[in-house]
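Notes for the structure review
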Amino acid sequence: MQVINTAMTKLLKYLFHLDHWLITIFAFVILWLLYTAVNGLSLFSPVKRAMSDMSTTDVFFQITNKTSEVNQDITIVDIKDEYNRGKIAESISAVDSLKPWAIGVDIIFESIKGEHEDNYSLFQTVSNMKSKTVWATKLLDFDPYSQSFINQSGSFFADTLAVLSGFTNLDDNLENTTIRKMLTEEALNGHNVHSFPVAVAMLLDDSIALKPNSKLSIDYSTKFTTIAYDSIANNKDLIKNHIVLIGSTTDESDMWHTPIGKMPGVMVQAYSLNTIRNHSDIKYFGEWTNLLIAFILCYLFEVLIDLGFQRLRKRDSALGHFLIDSKLLLRVATIVFMALVTWGILLVFVYHSKYIDAVLILAALGILIESRRIYNAATKALSKNHNWWILKNSLLNNNIFK
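Below or above, wherever it landed, is the structure these notes cover. Not measured: the values here are computed from a predicted model.

Cut-offs used in this document
- Residues numbered from 1 in each chain as written.
- Predicted model: local features only at pLDDT ≥ 70, side-chain atom pairs only at ≥ 80, totals over all residues.
- Heavy atoms only, no water.
- Helix = DSSP H or I, 4+ residues; strand = E, 2+ residues; numbered from the N terminus.
- Buried < 20%, exposed > 50% of the residue type's maximum accessible area, 1.4 Å probe, protein only.
- Contact = heavy atoms within 4.5 Å.
- Areas by Shrake-Rupley, 256 points an atom, 1.4 Å probe, with all protein chains shown as cover.
- Core = buried A, V, L, I, M, F, W, Y, C linked by side-chain atoms within 4.5 Å.
- Salt bridge = Lys/Arg side-chain N within 4 Å of Asp/Glu carboxyl O.
- Patch = residues over 30% accessible without salt bridge, like charges linked within 9 Å, V, L, I, M, F, W, Y side chains within 5 Å.
- Lys, Arg positive; Asp, Glu negative; His and termini not counted.
- Charge placed at Lys NZ, Arg CZ, Asp CG, Glu CD.
- Phe/Tyr/Trp six-rings, centres within 6.5 Å; stacked < 30°, edge-to-face > 60°.
- Polar contact = N/O pair within 3.5 Å; in protein donor to acceptor, adjacent residues only side chain to side chain.
- Pairing = 2+ DSSP bridges.

For the rest of this paragraph, the subject is the overall build of the protein chain. Scanning the protein chain for helices and strands turns up 14 helices and 15 strands. The burial tally for the protein chain puts 44% of its 402 residues in the buried class. Long-range contacts, defined as pairs at least 24 residues apart, comprise 78% of the intrachain contacts of the protein chain with a sequence gap of at least 6. Roughly 22,100 Å² of accessible area belongs to the protein chain as shown, and the carbon and sulfur atoms make up 60% of that amount.

In this section: the nonpolar core. In a soluble, globular protein the nonpolar side chains are often hidden away together inside. Ranked by internal contacts, the top residues of the largest apolar core, which has 60 residues, are Tyr-220 and Val-268. Counting residues per element, this core draws most heavily on helix H13 (residues 358-383), at nine residues. Setting aside chain neighbours within four positions, we find Tyr-220 in contact with Phe-61, Asn-65, Ile-179, Thr-258, Pro-259, Ile-260, Met-263, Val-268 and Tyr-271. Among the nonpolar cores identified, the runner-up in size contains 22 residues, and Ala-89, Trp-135, Leu-238 and Val-244 belong to it.

You can see Glu-302 is positioned in helix H10 (residues 287-315). Among residues more than four places away in sequence, those in contact with Glu-302 are His-20, Ile-23, Thr-24, Leu-368 and Arg-372.

A few words on the pattern of salt bridges. Going through the model one piece at a time under the given rule, you end up with five salt bridges. With its nearest N and O atoms 2.8 Å apart, the salt bridge here joins Arg-372 to Asp-306. Of this pair, Arg-372 sits in helix H13 while Asp-306 sits in helix H10, placing them 66 residues apart in sequence. Residue classification places Arg-372 among the buried positions, given a relative accessible area of 3%. Taking the relative accessible area as the measure of exposure, Asp-306 reaches 2% and is therefore buried. Three or more residues are tied together by salt bridges with common partners; here these are Glu-302, Asp-306 and Arg-372.

A cluster of basic side chains, namely Lys-10, Lys-13, Arg-311, Lys-314 and Arg-315, defines a positive patch on the protein surface. Elements with a minimum of two residues in the positive patch: helix H1 (2-15) and H10. Take the positive patch: its biggest share by element is three residues, from H10. In this structure, Lys-314 sits in helix H10.

The next point concerns the packing of aromatic side chains. Under the criterion given, the structure shown has ten aromatic pairs. For the ring pair Phe-28 and Phe-295, a centre distance of 5.6 Å and an interplane angle of 45 degrees mean the geometry is tilted. Here the residue Phe-28 occupies a position in helix H2 (residues 18-40), and Phe-295 occupies one in helix H10, the gap between them amounting to 267 residues. For the ring pair Phe-224 and Tyr-271, a centre distance of 4.7 Å and an interplane angle of 75 degrees mean the geometry is edge-to-face. Residue Phe-224 is located in strand S10 (residues 223-228), and its partner Tyr-271 is located in helix H9 (residues 265-278); the two are separated by 47 residues in the primary sequence. Tyr-271 matches Phe-224 in its accessibility class, with the two residues each being buried. Through pairs of rings, three or more aromatic residues link up here, namely Trp-21, Phe-28, Phe-295 and Tyr-299.

Once that is clear, we can look at the side chain of Ser-153. Relative to the elements of secondary structure, Ser-153 occurs in strand S4 (residues 148-153). Given a relative accessible area of 14%, Ser-153 falls into the buried group. For Ser-153, the side chain forms a polar contact with the side chain of Glu-110, separated by 3.2 Å. Sequence-distant contacts of Ser-153, that is, excluding residues within four places in its chain, are made with Ile-108, Glu-110, Thr-137, Lys-138 and Leu-140.

The subject of this paragraph is the pairing of strand S7 (residues 185-188). Neither face of S7 is exposed, since Glu-185 and Ala-187 on one face and Glu-186 and Leu-188 on the opposite face are all buried. Pairing analysis gives four bridges linking S7 to strand S8 (residues 191-194), with the strands arranged antiparallel. By the bridge assignment, Leu-188 is partnered in S8 with His-191. Between S7 and S8, which pair antiparallel and follow one another directly, the connecting turn spans two residues, one of which, Asn-189, has a positive phi of 50 degrees.

Encoded structure:
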């Protein structure tokens, strides 16, 4: 029993040794200094801009999207470069006749344009629609003082026919050009209005509960079937009992950067709609939680690295000296540990829809190696002229397993 207690005491003494704490803390001090420099010095402005639009979720979505299945509920009808309102009206009418669950038209027919017959055909189509349909609008002229939009641009028939509508504005602020989040509602002259995907989702389930003015992280881990507007009759099974979004996938002015590549606005709306219907909003851990996780992982890695060095020193072999002096063990172990951490974060992301800040953790692990080297060098240098307690009891000068 005494032997067990002695071994346990040694193990605990090693696991919570001051060296491990100091090396890990020093790594985060270096990380903080680098973060301060990037944010405070104009020299690092390009780096700051690049980092502000960077997220590991982009990589995760690219991985999951490649192996994901095609969505069975939502179909996109592509009008391509067709601008004739008469032909577009025919396509919308053809979709409506096949009894879809709901229709979302991501096209704004602003004032009357073109031939009178085409506009009249579109007007008649809208007035005769039997399916539940949401028509796109665009919120304009945001007032920062009232935190509300002042104007709205919609189709010419919207007021006359009192159609259901939803705004298609995307989260396209100047700081983050990649569309990772969707808007659920915004204020228009003091009244809240729903976004396009929310309005479509509520046609099928009006009990959807969303926080006012919230931004949901879009789930890009699926694929959608897209059919051309002139092939609707040949794809009845993709229209009937489906949610159909109608829009253009070739309009360059409506192309957006997303985690899985550049895509048209109507497809971003499809992903947003799918996110709402599946309640698949990605939950992000808070800043302090991410820091705590990063600290724990860095501390664990520091212990494992030092344990490997202690074992190699104890064996006193030529290979052991080579691995330690060449830093090969340190480099390989770092790559392996980072890979394991990345996959762990990916699994949490895929199976639990929770995102841990992988960028912070991987940066901290990378800096931990430099922290350990600096600490080792400082300890050895100070030991030549000083006999302080912290130096005498350092793991660098003592093998705790002897």
